[in-house]
Structures are given as structure tokens and as C-alpha cells.
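Chain residues, written in single-letter form:
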4 protein chains.
Amino acid sequence: MRYAYLGPPGTFTEAALRSLPLGPDDELTPFPTVSAALDSVREQITDGAVVPMENSIEGSVNATLDELAVGVRLVISHEVVIEVAFDLVARPGVTLDRVRRVATHPHAEAQCRAWLARHLPGALVVPAASTASAAEAVAAGVADYDAAIASPLAASHYSLSVLATGIQDTDAHTRFVLLTPPGNPPPPSGHDKTSLVAFMKQDRTGALLEILEQFATRGVNLTRIESRPVGARLGNYCFSIDCEGHVADARVGEALMGLHRVCADVRFLGSYARADGQEPTMADATSDDDFREAQRWLGGLRGE
Amino acid sequence: MRYAYLGPPGTFTEAALRSLPLGPDDELTPFPTVSAALDSVREQITDGAVVPMENSIEGSVNATLDELAVGVRLVISHEVVIEVAFDLVARPGVTLDRVRRVATHPHAEAQCRAWLARHLPGALVVPAASTASAAEAVAAGVADYDAAIASPLAASHYSLSVLATGIQDTDAHTRFVLLTPPGNPPPPSGHDKTSLVAFMKQDRTGALLEILEQFATRGVNLTRIESRPVGARLGNYCFSIDCEGHVADARVGEALMGLHRVCADVRFLGSYARADGQEPTMADATSDDDFREAQRWLGGLRGE
Amino acid sequence: MRYAYLGPPGTFTEAALRSLPLGPDDELTPFPTVSAALDSVREQITDGAVVPMENSIEGSVNATLDELAVGVRLVISHEVVIEVAFDLVARPGVTLDRVRRVATHPHAEAQCRAWLARHLPGALVVPAASTASAAEAVAAGVADYDAAIASPLAASHYSLSVLATGIQDTDAHTRFVLLTPPGNPPPPSGHDKTSLVAFMKQDRTGALLEILEQFATRGVNLTRIESRPVGARLGNYCFSIDCEGHVADARVGEALMGLHRVCADVRFLGSYARADGQEPTMADATSDDDFREAQRWLGGLRGE
Amino acid sequence: MRYAYLGPPGTFTEAALRSLPLGPDDELTPFPTVSAALDSVREQITDGAVVPMENSIEGSVNATLDELAVGVRLVISHEVVIEVAFDLVARPGVTLDRVRRVATHPHAEAQCRAWLARHLPGALVVPAASTASAAEAVAAGVADYDAAIASPLAASHYSLSVLATGIQDTDAHTRFVLLTPPGNPPPPSGHDKTSLVAFMKQDRTGALLEILEQFATRGVNLTRIESRPVGARLGNYCFSIDCEGHVADARVGEALMGLHRVCADVRFLGSYARADGQEPTMADATSDDDFREAQRWLGGLRGE
């Protein structure tokens, strides 16, 4: 298998990819942008791409949401949630008391601010495109950087030594997804999620309420809902939604059909096992057996 | 065909039955109560029974609703709506100025009160079990009745003469239904109604709201909903419901399945052509084609 | 105080009235119909009237619902729930083995059918206008009645002896209400109900759903909802509703205002202590304190 | 008045600020980040700050949403919507055929991609922090830039000449808001919007549905709803909401009170005139008069 990921090497995205069950011959290729990684799958250069989807502090990754909503369709085959932990890394031999210039991504700086104030009060933090590229720059010895705030993986990648570990001030988690070409979804695992994008019919007041009721009537619980703008006018949105359950579940299937009817368009983004293994909240009378029994009863009424 | 109806001969129920397309050899038999008429169908003594279901002034006929809800199951095959018009009828030779005692059912008296006050201010109105039995008593010459308020049909039945016609003060309509043994529903006519009884799960707040949402989510319009008590405790109800559409319609079928899941029990009482020939209100995206297209789309997602 | 009740003496309605805290000088007057009893209040002949409202077996008393909905307005001041128990009563000296003709109301006969089949298999049951009038007729010695099925109160009223007690086959309860002229409602008792009639705007699909949502959004629980026909056309309904709570409660008041806005008309029928003393189900964040705090917060936003 | 805006000079944000009715002595100060601009208001260094809120192509400006949701509270006093139009600007004397390196913000590049492919197929586009800083760099002659894609305002700011105007491929609009310290909202204009952030009570399934119903029950139309993550765990959201109407409107006030009750917290972000002057969609029976009449009616019932 050939996997794309949002690079450069040493990103948390690479760490997420490496947490999947990989084979010894699998190839992992970094791409500079989410779009580039996904295009490599669409063009069959790779078989799948791991990209970040949302972070508990920064929110959704808009580039990923928009690619999923309006780019050539891919589906989610796996999700991975990683606790974001930062190390302070430097070239071998550099000690903490000699660190004056620290490279990192602004988000990482924001999450390590208290640690920096306590341990490196005089250091200058210089923004980089990613934590991995900061580590890369430190390793390459460019721009007079003394250290980088980066993922534990980055240290090993760029043969850097770890001056301090777990320096983030607060816990944060990032959710990554493996995107693959559309195809038959994996069989239900018993703890699945289903992702989709619902495009509202324009100018219909109450459209979001109607969308939510399609789920509620079938007892399907939502775990995420986000609006994203569509088109040139302000006020035109689609909704990026994750719900509990698998497309093969009767209640999820019927909710999807309801959405398909009431929305301008619904894009199915896959059913896949939840990273946290949590089983769905089952409302009363919404099991496959309940639906099957209702179908059997209706068939009898109809004389089928 | 052998038909039962709520008698005695000359009732509005008989008039409703006679408005159906009858064959020359069909037998029409009056029964003294709604229950007796329906039991004759259940015991295969007759093939169908016509009974009153609701009146625009008096409301539902509880005996009929309760038989439909908890008696051995029958289904509605036809509905008939009749405008309730009353005649003042008497034995031949009796003239209006000699009428002193008028027999009729209290409901009929209530609906003719203004006419009576104007034209027969001194007459005594004596209650009878039905307007037809009042006419029968007048014909038989019992109890010193001079006249009866009854249906036009009753006059011809009992060879009475009509002293005044259309004497009701206000317009009123009564809806009758033909009940037959459960079997395959007639094919959709394009202007159908479906009747059912939904039994709530006990002690669930919001249960009626949940029932209504099963219809609303599929765009199925209700034309009647009534609560009826169930069992010995106050506060325990079932709901007698008429909705637009036919059980063979996709939106009605899915709503029925939803009810079957969320209710303690649902009793299907038939799909049949509306007496008024009115076509259903179709909400956006609720036609059979819309459901079929959604089913096809879901099948594709599931790899079926 | 002068009280009207649905007579004749010895009815369950009289028993319900006697369960209220009466004074030694209170006058109790029977009236032949629900309308007559209520008119006596409207015409200030009496100060209040007790009438039956619903029975756990027979359902609502339509005459009462319709008087409350469209007659000159009265309000409910008290509710009484009575377990319906029947006695077989006869003139002194009559023994069970000599009973051949039993007078009673058809509902009472229906509720004692198994007992009659076992203990008086050969007896003829003759219908009467009420159980109390059956007892009255037995006492008066008319129509060759040997016994009556009636309330325990009827036996003492008409000086009859009790041949058998508690002969009903199933438990049943009847709910009675004391109706008085509109005025300030009694203060909240902590376990109140509020009754009202909501008239739908014509031809508005989803009107009932909208009515229910006015309650649901404020966390007000319904205990009864019934449709009643309005006017000459079939398909035109009002809804007779009981909800938990008192008109003085913030959540009930706001729900009532919501109904007042979305309905063609809302008729308030009073707030009164529940007969069963059950406290209301309180949804999260719906106490008077919650509403007051929200009001205070809004006032701050508005710069009031 | 002293105004802050998201700089540097020449941004679309400055153009938005300049479209407000400014006085001759008003001071306009650029700040490097949204947070810095807003902090200047909070610290009373300025009286108000204009920042971007959402773009029809890029979506919401997360920095602004998060500052509004969790920073020290400010409120929206004005909104401005600007059509995003780009010019290609260069130092005087530079002609289109000599442009090899173009600086701009990646979003601007994305919106001008087709124009660039047609007119500057060989040019290298270099990312800048903002379109204004790209123009600034071109003016300063740094980094060998030949031209910048920037706002029309930037050209005049940095004394650059316009090589091509209106080079964007698609229409896009950006919405800016003027944020000021909390205080009494401006009086209703007849075409107002109200903004708020609703924080869900944790772990309550159906919480978003409940939030939407608070608006729907009072007939208040939403124009924007977006989820934003809250806290360290994934799956914890607040909702950033714009609705039609003014906090002084009865229907909006009651909806806000409902939210205040059912949410963990509601932050009011102001009522202000809509930039597009569009009047609110008024559902039946939701005017201030309707609410006042309902209040008056309730007062009568309560004996107030």
C-alpha cells in the first residue's frame, strides 16, 4: 500500500499514519498540502491519504472539510485520534540554557506558552510552517535556530535530542482521517461513525431543523456538526456531520435516505470504526431488529 | 354480498349504505348496536358492516372508535359522508297543525330546535333511541306520537308522509365507514386516506409529540386525531388517527414503520378512497419517486 | 354555598360533590343534564356545579367538554376522582334469588356483565337514564323492577337494601370537576393542573404539532389531550388539554402566551389542585427561578 | 473616536472601516492580529475595532469567532459587507509583461488563479501574510517582487500603479464587524440582526435540536450557525449564531431567555442593523403586538 500524508516528515499526521496497522512494504509519502495529499489518491499515485480533520483547540481543519465537501469524492476508511504532546528538540549537544531562538508553528507556541514563559523566558519564538518543518530547519542548521517545538516523532526523524518532553500547557487532541477512493464501506465493527455533508436547499427557513429531525426521528445521535460556506453569497451553507452508527445500520440508512430527500445534495463520506471504540447510544426501538420487525409488519399490511 | 348496518331501517346509516355501489342481490340487514353489526362481520354472518364514525356536531362515535381500537380487528374499505337533513314525518292524513307530540333522538331535536320553536311551539318532544325508531313508533301508532323527526329515508320506509323537509337549523355531516375483515387493501385511488390506532408506551412524556413527528418527518398530513382512554387508570390513552395517503405509498409506509417502532402497538385500520375525492397535500420531496431514488442511492452507498 | 350537580340524587356525581369540604348550610341541587347544571351557575342560581368530565372506561363526557369549550365560560375550581363501584340494590325484603328484572344504565350493565352472568343468569337487564334513576324507579315500585345496579350512595338515598356490593368486573375511575364563574385562580398548591381549549387556525397543516411544541419548549407536561369537532364541516377541531402546573407558574404562563399567539383562540379553563396530589414533572431549567433569572439577564442586555 | 483595524494599512478591513460614517478627527490604527485589535478596545486604547468575521469562500474567521466566544466580552455595533475585488499592483513604471514574481496571500491567489493562468502563465506566486503586506513589500522593493495582488485601497496606500483591476475569478464577499465595549444596544432599525454564542450543556443528546427549537417556537429566523470547539476534549462545542431581529423585539427576547435557560451559557454579542438592509422574515403571530396582546391576556387570567 502507498500512503500519502500531510508532511513534512515528523508531523503529527505522520504519527497518526504510523499508528495504523501498516505492512512492512507500505510506502509513506509526505505531501506539502492537504489538497496535494488527497489529489495523490484521486490520481491513483497513492492508495490512501492521512490528513488532520479537527483539533480540540483550533477547531476543524477547513482545508480538509472543504476538500471533502466539494473536491472529487473520497471516503473516510479510518480515524485516528492523537493526544498532541510537544517536545523541545535541538541538535545533539545543545543544552536548555543555551536556547535563544525557538522555531515552531504558531499553534504549538500557543499551546506551550506557559512552559516557555517559565523555562525560556528570554527566548525568541520564530514562526514556522509546521512543527515538523521547524525541526527540519533546526536539524539543517538554518536561520540560527537553537531548538524547535515539535512532535516526539520529529526528534527521531531529524536525529535531534529532546531537551524537554510533554511541554504543552493543556491537553489537546487531534483527529486524523485516512481517505481512500469510494468503494464498499468496511463491515460494521459495532462502534462505528458515519460522516457526510448535507447541502441545504437554498432559502428554506428551518432547513437545519429539518436536517436534525431526520436524525432524531430515527434515534441517530450526532457527534459533530459544522457549517461551511458554499458559493459566492454569504449565508449559503453546507453542514459537515458525523453521526453514530454505520451505513449498514437500518436507522442510519433511513436517516440518510431522509436527508437525501430533503437536501439539495448529500455527500456520503464513509462509515468507519471510531477511534475511541465507544459504542453508539441506542435510543429505544431503533435496533436493526426493530426496523426489520417494522418492515415485516408493513409487508403484511400491504399484502406482500 | 351481505351487509350489516346500524338499524333500525330508515337510519342515516342505511342511507349511507345505500349510497355504495350495491348489486341487485345484496342483502342489507339492520343490527341494533354498532357492536352487533361488527360482530356479524367477525362471525362471517355478513361480509361487511356500515356504521357511523363521526358527526360534525356530535363528534366521534365512541362505540365505533372503541370497537375499531380494541375489538377483533376489522378494516375500513369505504367511507361515505352524508349531509344530515331531517324531515318531520307523520301518518298519512295528519297535518302540521294537529301535531302535539313529536318523537325523535335527542341529537336530532338539538339540531331542529329553532325550527320547532317557530313552527311547533307548543309540541312536546319525546326522546327515542334513534330517529328511525321514532319513525317506526309513529307508524305503529304507539305512545300517542303524532310525528317524528327522522331521515328522508325513514318516511318511505315506514310509509309516512312528509309534513316538512330540511328542518335542521344548521348544516351537519356524518361520516360512515364500511368495515370488512382484514385483507389486502384496495389499490391506491390517488385520493386515499389511511386509518390507524396508536397505543402509547406508558409513562413516556412527549409520546404524542414523537408520534406526530413520525408523520411530519415523512411529510404525511393528518386529517383527524383523537384520544381515547385505555384501561382502568385515567391518563392512559390511545390515539385514533386518519392520515392522507395509502399504505402502499412510500411516505405512509415509512411513517407506519416509524410508529410501529416507537409505539406500544399500532393497529392498521385500512387505506381507502376519500369520500370527498380530495388529493393529498404533497410536501416537497415525499413522492414515491423521491423515496425510490433515495433507496437506490442508499443501495449504492452500501454496495448492494 | 349553593351547589348544582348532575342528578338525580344518588348519582356518582353527587358522591363526588359530597367528597368536597362542604359547610353545614351548603345547598346541593340535582339538575337533569350537564347543561342545566352549568346554566344554573351562569345564571347565578347556584355558585358552582359538579359534573363528570371523563371516565377511564367510557372516555370523555362530550356534553361537558362541549359546554366547557363553547358555552358561556366557566372555570374548573376543583377536581375529584372517584373509583366507580356498583351495588345491587332492592326494596327491603327482596332477596337475590327473587330478582328477575334489573334496571340500570347501559354503562353500568357493561361493567357488571360478568357478575350478572354468574349470579343472575336469568335476569333481564332494562336500560335506565342513569344508575340513580334506576334506583329511584326501584324505590317507587314502577315498571316491575326487582333491583337496580347503582352507586352505594343511591341505596341510602332511596332507602334501598344492598343485595351485593362491589359487583363491577373491572376497576374504573371517573373524574368530576367543580365549575365556577371565571375569577382569579386559587393560589398554587404545588401539585396543580391547568385546563384549556385550543382552537386551531383553519387549514394549517402541522397546527397540532405547533401546539404541542409550545408546551414542549417550556418543559410543560400534558396529562390529557382530546380533539372535539367544531362547526358544521368535518375535519375542523379544537383540542381540550390538561397540562401540569399552575397559570401562575412562569413556564405555564409562557406556554399559554405562545398558544394564544399561534391559535385562533385559547380558552382558559382554570388552574386547580390535582385530585391525586401528584407533583409536576419538572424538566431541567424550567422552574420559576430559571425563568426569573433569564428575565433578569435579558433586562440587563436590553439596558433596562 | 479611535478605531483599531486588522492591518497593515491597505487591507480590506481598512476599506470596511472607511465605509463607516467616520468623523474628520477619527483616528484609524492598524493592528497586526485580530486579538491585538480587540485587546486595544478592551484596554480602552481604542473605542472600537473592525475585524473580518466571515468570507463567502473561506468561511468564518476562526480567530474572530473564538475571541468573541471566549475573550473578554465585546459586542457588535455595526456590520459591513464588502465585495472582495483584487487588483494587480506594481511600482510605477512596471508593465504587465515584465512581471515575474507576484506576492499575495494564498486566499487571494486561489481566487485569481484563472486570471493568473491566462495573463501571467509563467509568473511565480509567492505567499505573503496578507494582501496588504504583499503590496507593502512591493512598494518597499524587498524580495524581488514585481507585483502584488491586493485590494484597490492598497494601491493608493503604497503609491503603486494598477496593472489590472477586478482580476478575481469569482465573486466573493467578506463580512466585517465593528466591535465595541458592552453597553446598551442601538435602537432597532427595522432590519436588525442579533449575534450570540450558545454553550451546550455537556453530554446532552439533542441539545442542538433544543437550541434551534427555542428560535423556531418564537418564529425567529437564523441567518448563520456555526460550531466551534470548546476545551480540550473533541466533541465539545459551542454554537456561534446570528438571528434576525433585535434584542428589544419580543420574539427575540423570549428566544434568548429560552436559550439562557437550556444552555450552559449564552453570550450576547449585540443587536445591530444589517448591512444589506433586509427586513426580517416575520412568521405569523410573532410581532411585538402579538406578544403584548398575549401578555395582556395572561395578566387577565392571573388576575394581575
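Residues numbered from 1 in each chain as written. Chains lettered and ligands numbered in written order. Predicted model: local features only at pLDDT ≥ 70, side-chain atom pairs only at ≥ 80, totals over all residues.

Trainee: Go over the overall build of chain A with me, naming the residues and quoting the values.
Mentor: Assigned secondary structure in chain A consists of 10 helices and 15 strands. Dimensions of chain A, computed from C-alpha atoms along their principal axes, come out at roughly 85 × 45 × 35 Å. Classification of the 304 residues of chain A by burial places 53% in the buried group. Within chain A, contacts between residues at least 6 apart in sequence are counted, and of these 75% link residues at least 24 apart. (Helix = DSSP H or I, 4+ residues; strand = E, 2+ residues; numbered from the N terminus. Buried ≥ 20, exposed ≤ 12 C-beta atoms within 10 Å, placed from the backbone. Contact = placed C-beta atoms within 7 Å.)

Trainee: I'd like a rundown of the domain arrangement of chain A, residues and numbers included.
Mentor: In terms of domain boundaries, chain A breaks down into domain 1 (1–84 + 168–183), domain 2 (87–151) and domain 3 (185–304). The C-alpha-based centres of domain 2 of chain A and domain 3 of chain A are spaced at 44 Å. (Domains from an automatic or database assignment.)

Trainee: Describe in detail the relation of the copies chain D and chain A, supporting the description with residues and values.
Mentor: By a simple turn and slide, chain D fits onto chain A: the slide is 0.1 Å along the axis, the RMSD is 0.1 Å, and the turn is 179°. What we have between these two chains is a two-fold relation. Of the C-alpha atoms belonging to chain D, the one lying closest to the rotation axis is found on glutamate 226 of chain D, 2.9 Å away. Interface overlap between copies: 100% of the residues of chain D at the interface are likewise at the interface in chain A, consistent with a symmetric, same-surface contact. (Least-squares fit on C-alpha atoms with pLDDT ≥ 70 in both.)

Trainee: An account of the relation of the copies chain D and chain C is needed here, citing residue identities and associated values.
Mentor: By a simple turn and slide, chain D fits onto chain C: the slide is 0.1 Å along the axis, the RMSD is 0.1 Å, and the turn is 180°. Counting the interface residues of chain D, we find that 100% of their copies in chain C are interface residues as well, pointing to one common contact surface.

Trainee: I'd like to hear about helix 10 (residues 288–302) of chain A, residue by residue, with values.
Mentor: The first and last C-alpha atoms of helix 10 of chain A sit 21 Å apart over 15 residues, in line with the 21 Å expected at 1.5 Å per residue. Buried within helix 10 of chain A are the following residues: Asp290, Phe291, Ala294 and Leu301 of chain A. The buried residues of helix 10 of chain A occupy an angular sector of 95° when the element is viewed end-on, so they sit on one face. Opposite its buried face, helix 10 of chain A presents the exposed residues Asp289, Arg292, Arg296, Gly299 and Gly300 of chain A, each directed more than 90 degrees away. Elements that come into contact with the buried residues of helix 10 of chain A comprise helix 9 (250–262) of chain A together with helix 9 (250–262) and strand 15 (265–273) of chain B. One or two positions beyond helix 10 of chain A, positive phi appears at glycine 303 of chain A, with a value near 75°. (Expected span 1.5 Å × (residues − 1). Arc of directions from axis to C-beta.)

Trainee: Hey, could you go over the nonpolar core for me, with residue numbers and the actual values?
Mentor: Counting 191 residues, the largest nonpolar core has Val89, Ala135 and Ala198 of chain A together with Val89, Ala135 and Ala198 of chain D as the members making the most contacts within it. Not counting residues within four places of it along the chain, the set of residues in contact with alanine 198 of chain A comprises Ile211, Cys238, Phe239, Ile241, Leu259, Cys263 and Val266 of chain A. Core analysis: the next-biggest nonpolar cluster, separate from the first, contains 190 residues, Leu120 and Val262 of chain B, Phe268 of chain C together with Ala250 of chain D among them. (Core = buried A, V, L, I, M, F, W, Y, C linked by C-beta atoms within 7 Å.)

Trainee: Give a description of the interface of chain D and chain A that names residues and reports values.
Mentor: On the side of chain A, 31 residues touch chain D, which itself brings 31 residues to the contact. Elements represented by at least two residues in the side of chain D that touches chain A include exactly strand 11 (173–180), helix 8 (207–217) and strand 13 (222–229) of chain D. A per-element tally of the side of chain D that touches chain A places strand 13 of chain D first, with seven residues. For the side of chain D that touches chain A, a count of residues per class yields 11 nonpolar, 13 polar and seven charged. (Nonpolar A, V, L, I, M, F, W, Y, C, P; charged D, E, K, R; others polar.)

Trainee: Describe in detail the interface of chain D and chain C, supporting the description with residues and values.
Mentor: Residue-level contacts link 24 residues of chain D with 24 residues of chain C. Tallied by class, residues from the side of chain D that touches chain C come to 11 nonpolar, nine polar and four charged.

Trainee: Kindly report on the sheet that holds strand 13 of chain D, identifying the contributing residues and their values.
Mentor: Residue and element names in this part refer to chain D. In spatial order, the strands read 13-14-12-15; together these four strands make up an open sheet with antiparallel pairing. Where the open sheet ends on each side, the last strands, each with one partner, are strand 13 and strand 15 (265–273). Recorded for the sheet is a direction-independent mean angle of 15° between the axes of neighbouring strands. As defined by bridge partners, strand 12 (residues 192–199) adjoins strand 15 across seven bridges and the pair is classed as antiparallel. (Pairing = 2+ DSSP bridges. Axes fitted to C-alpha atoms, helices over the stretch in contact; angles between N-to-C directions.)

Trainee: So what's going on with the packing of helix 2 (residues 34–42) of chain B against helix 3 (residues 62–70) of chain B? Residues and values would help.
Mentor: All names here are of chain B. With their axes 9 Å apart at the nearest point, helix 2 and helix 3 run at an angle of 35° to one another. Along this stretch, helix 2 crosses helix 3, giving a crossing that reads as right-handed. Contact residues: helix 2 offers Val34, Ser35 and Leu38, while helix 3 offers Ala63, Thr64 and Glu67. The class makeup of the residues in the contact of helix 2 with helix 3 is three nonpolar, two polar and one charged. (Left-handed = near helix turned anticlockwise from the far one by under 90°.)

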